[in-house]
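# Descriptive analysis of the structure
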Amino acid sequence: VSATASSELPVSFGASGACSIDGTTVEITGAGTCTITASQAGNDDYAAAPVVERTFTIAPAAQATEPAK
């Protein structure tokens, strides 16, 4: 994940649910719902940006089956 802001202030990311963030990579930890949160703190010149959340669902892995004999 990555983002830039017109203020050039850094954007921070967080993850909850069935995922985590390692550096700039979202890691899927299992089936379920993952929410990625982006935030940008303000400074003396710029107000903090609104927090943005995006949620998606990770389906369970398909079960392997043996071919019929």
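Below or above, wherever it landed, is the structure these notes cover. (Residues numbered from 1 in each chain as written. Predicted model: local features only at pLDDT ≥ 70, side-chain atom pairs only at ≥ 80, totals over all residues. Heavy atoms only, no water.)

### Re the overall build of the protein chain
Each helix and strand counted, the protein chain has zero helices and five strands in total. Secondary structure elements in the protein chain, listed N-terminal to C-terminal, are β-β-β-β-β. At 18 Å, the protein chain has a C-alpha radius of gyration far larger than the 11 Å of a compact globule built from 69 residues. The dimensions of the protein chain, computed from C-alpha atoms along their principal axes, are 70 × 15 × 15 Å. Counting all 69 residues of the protein chain, 16% fall into the buried class. Sequence separation of 24 or more characterises 32% of the internal contacts of the protein chain that already satisfy a separation of 6 or more. Put simply, the protein chain shows about 5200 Å² of open surface, and 51% of that area lies on carbon and sulfur atoms. (Helix = DSSP H or I, 4+ residues; strand = E, 2+ residues; numbered from the N terminus. Rg over C-alpha atoms; globule rule 2.2 N^0.38 Å. Buried < 20%, exposed > 50% of the residue type's maximum accessible area, 1.4 Å probe, protein only. Contact = heavy atoms within 4.5 Å. Areas by Shrake-Rupley, 256 points an atom, 1.4 Å probe, with all protein chains shown as cover.)

### Description of the nonpolar core
Residues Ala18, Cys19, Cys34, Ile36 and Ile58 constitute the largest nonpolar core, which totals five residues. Non-local contacts of Ile58, meaning those with residues more than four positions away in its chain, are made with Ala18, Ile28, Gly30, Ala31, Gly32 and Cys34. (Core = buried A, V, L, I, M, F, W, Y, C linked by side-chain atoms within 4.5 Å.)

### A word on the side chain of Ser7
Within the element layout of this structure, Ser7 appears in the segment before strand E1 (12–17). At a separation of 2.7 Å, a polar atom in the side chain of Ser7 contacts the side chain of Gln40. Discounting residues that sit within four places of it in the chain, Ser7 has contacts with Gln40 and Tyr46. (Polar contact = N/O pair within 3.5 Å; in protein donor to acceptor, adjacent residues only side chain to side chain.)

### Regarding the pairing of strand E4 (residues 32–39)
Every regular strand shows the same layout, with side chains that alternate between the two sheet faces. Where E1 and E4 come together, six bridges link them in antiparallel fashion. Counterpart to Gly17 in the pairing with E4 is Cys34. (Pairing = 2+ DSSP bridges.)

### A word on the state of the cysteines
What the rule picks out here adds up to one disulfide. Between the sulfur of Cys19 and that of Cys34 lies a disulfide, 1.9 Å long from S to S. Every disulfide takes its handedness from the sign of the S-S torsion; for Cys19 and Cys34 that torsion is 80°, giving right-handed. Of this pair, Cys19 sits in strand E2 (residues 19–22) while Cys34 sits in strand E4, placing them 15 residues apart in sequence. Since its relative accessible area comes to 6%, Cys19 is described here as buried. Classification of Cys34 by relative accessible area gives buried; the value is 0%. (Disulfide = S-S within 2.5 Å.)

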